[in-house]
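In case you want the letters, here they are:
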Amino acid sequence: MQDKNKLTDDKLVAAYAQGDNQAFDILLKRHQARVFSYIYSIVKNRDVADDLFQETFVKAIMTIKQGRYAESGKFSAWITRIAHNLIIDYYRQERSENVVSADDDAVDVLNRKDLSDKNIEDFMVNEQIHADVRKIIDALPDNQREVLLMRYYRDMSFKEIAEATKVSINTALGRMRYAIINMRRIADENNIVLTL
């Protein structure tokens with residue numbers, strides 16, 4: 001019998017959608033510390049963070065059970081986005097109840113880049129970064145590009161990569177290391193900035 005702890009997030013989501021409650025327990029354990037830390041770093045109140053954390057995973061459960069989970073990205077990004085939206089809702093509700101003053105300099109909760117929706121400039125910069133990354137990846141040697149794509153775009157472990165490419169794990173790791181070194185070199189040589 002396969003160890004469920006080794007399954008990818010998407011496979012665990014699929015198993016949970018089919019009624020395997022243990023699959024969601026594994027997802028929760030895998031992501032709870034990071035999601036709670038994210039929420040707490042913004043709200044800075046443990047009770048509020050606990051409530052929002054629980055609400056995040058309840059919303060995730062409901063979405064998966066209703067068959068509305070779209071495998072368009074990674075589960076970790078999806079669950080963080082749910083938390084992010086609930087934090088925004090929390091602050092909107094606080095503001096509407098006049099519990100938090102938007103004029104209070106000590107509590108500048110709504111004027112924060114990490115809580116704002118992206119504007120067209122952010123979108124364009126992000127698109128340019130993605131295009132630049134694609135060009136850099138295309139410039140890599142085939143064996144390095146193959147390992148990089150398997151690791152970052154298919155979320156494969158180095159063991160899986162080694163098996164798929166029929167090389168040792170050390171060779172797969174080495175190819176990844178050289179891919180990253182070459183990406184930095186290509187970016188520097190072409191004056192490409194890959195950050196916002």
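Refer to the structure presented above.
Note that residues are indexed from 1 along each chain, following the sequence as it is written. Two thresholds apply to this predicted model, a pLDDT of at least 70 for residue-level local features and 80 or more for giving and counting side-chain atom pairs, whereas whole-chain, interface and lining totals are computed over all residues. Values shown for side chains rest on all heavy atoms present in the structure; no hydrogens or waters enter the calculation.

Enquirer: What am I meant to see in the nonpolar core here?
Expert: The term nonpolar core refers to a set of buried residues drawn from Ala, Val, Leu, Ile, Met, Phe, Trp, Tyr and Cys, joined through side-chain atoms within 4.5 Å. The classification of residues rests on relative accessible area computed with a 1.4 Å probe and restricted to protein chains. Under 20% of the type maximum is buried, over 50% is exposed, and intermediate values are partly exposed. Ranked by internal contacts, the top residues of the largest apolar core, which has 30 residues, are Ile39, Val43, Ile64 and Phe75. For helices the rule is a DSSP run of H or I covering at least 4 residues; for strands it is a run of E covering at least 2, with both sets numbered from the N terminus onward. Breaking this core down by element, the ones donating at least two residues are α1 (9-17), α2 (21-43), α3 (46-65) and α4 (75-96). The biggest single contributor to this core is α2, with nine residues. In what follows, a contact means two residues having at least one pair of non-hydrogen atoms within 4.5 Å. Not counting chain neighbours up to four residues away, the residues in contact with Ile64 comprise Val13, Tyr16, Ala17, Phe24, Tyr69, Phe75 and Trp78. Core analysis: the second largest hydrophobic core is formed by 18 residues, Val133, Ile136, Ile137 and Met183 among them.

Enquirer: Can you help me understand the side chain of Lys4 in this one?
Expert: For Lys4, the position within the fold is in the segment before α1. Contacts described as polar in this section are N or O atom pairs within 3.5 Å, which, within protein, must combine one atom able to donate a hydrogen with one able to accept it, while residues neighboring in sequence count only if both atoms come from side chains. Side-chain polar atoms of Lys4 contact the side chain of Gln22, separated by 3.0 Å. Beyond its immediate chain neighbours, meaning those up to four positions away, Lys4 contacts Leu12, Asp20, Gln22, Ile26 and Arg30.

Enquirer: Can you help me understand unusual backbone geometry in this one?
Expert: Leaving glycine aside, a negative phi is the common case for residues, and trans is the common case for peptide bonds. A positive phi angle, near 55°, is found at Lys44, a position not held by glycine. Note that Lys44 resides in the loop between α2 and α3.

Enquirer: When you look at a negative patch on the surface in this model, what are you seeing that I'm missing?
Expert: Patches were defined on residues exceeding 30% relative accessible area and lacking a salt bridge, with like-charge contacts within 9 Å and nonpolar side-chain contacts (Val, Leu, Ile, Met, Phe, Trp, Tyr) within 5 Å. Here the Shrake-Rupley method, with its probe set to 1.4 Å, supplies the accessible areas, and only the displayed protein chains count as covering residues. Salt bridges are identified by distance alone: a Lys or Arg side-chain nitrogen within 4 Å of an Asp or Glu carboxyl oxygen. For the purpose of counting charges, residues Lys and Arg are taken to be positive, whereas Asp and Glu are taken to be negative. His and the chain ends are not included. Working definition for charges: the position is that of NZ of Lys, CZ of Arg, CG of Asp or CD of Glu. A contiguous patch of negative charge, built from Asp47, Asp50, Asp51 and Glu55, is present on the exposed surface. Mapped onto the fold, Asp50 is located in helix α3.

Enquirer: Which parts of the structure should I look at to understand the pattern of salt bridges?
Expert: Pairs may arise between side chains of opposite charge once their charged atoms sit close together. What the rule picks out here adds up to six salt bridges. Note that Arg30 is salt-bridged to Asp9, the shortest N-O span being 2.6 Å. In this pair, Arg30 is assigned in helix α2 and Asp9 in helix α1, connecting sequence segments 21 residues apart. In this structure Asp9 comes out as buried when scored by relative accessible area, which is 17%. Between Asp142 and Arg145 there is a salt bridge, and its shortest N-O distance comes to 2.4 Å. With Asp142 and Arg145 both in helix α6 (residues 142-152) and three residues apart, this pair spans about one turn of that helix.

Enquirer: Would you explain the environment of Tyr16 in this entry?
Expert: Structurally, Tyr16 is set in helix α1. C-alpha separation for the pair Tyr16 and Leu27, spaced 11 residues apart in sequence, amounts to 9.5 Å. If near-sequence neighbours (up to four positions away) are discounted, Tyr16 is found in contact with Asn21, Ala23, Phe24, Ile61, Ile64 and Lys65.

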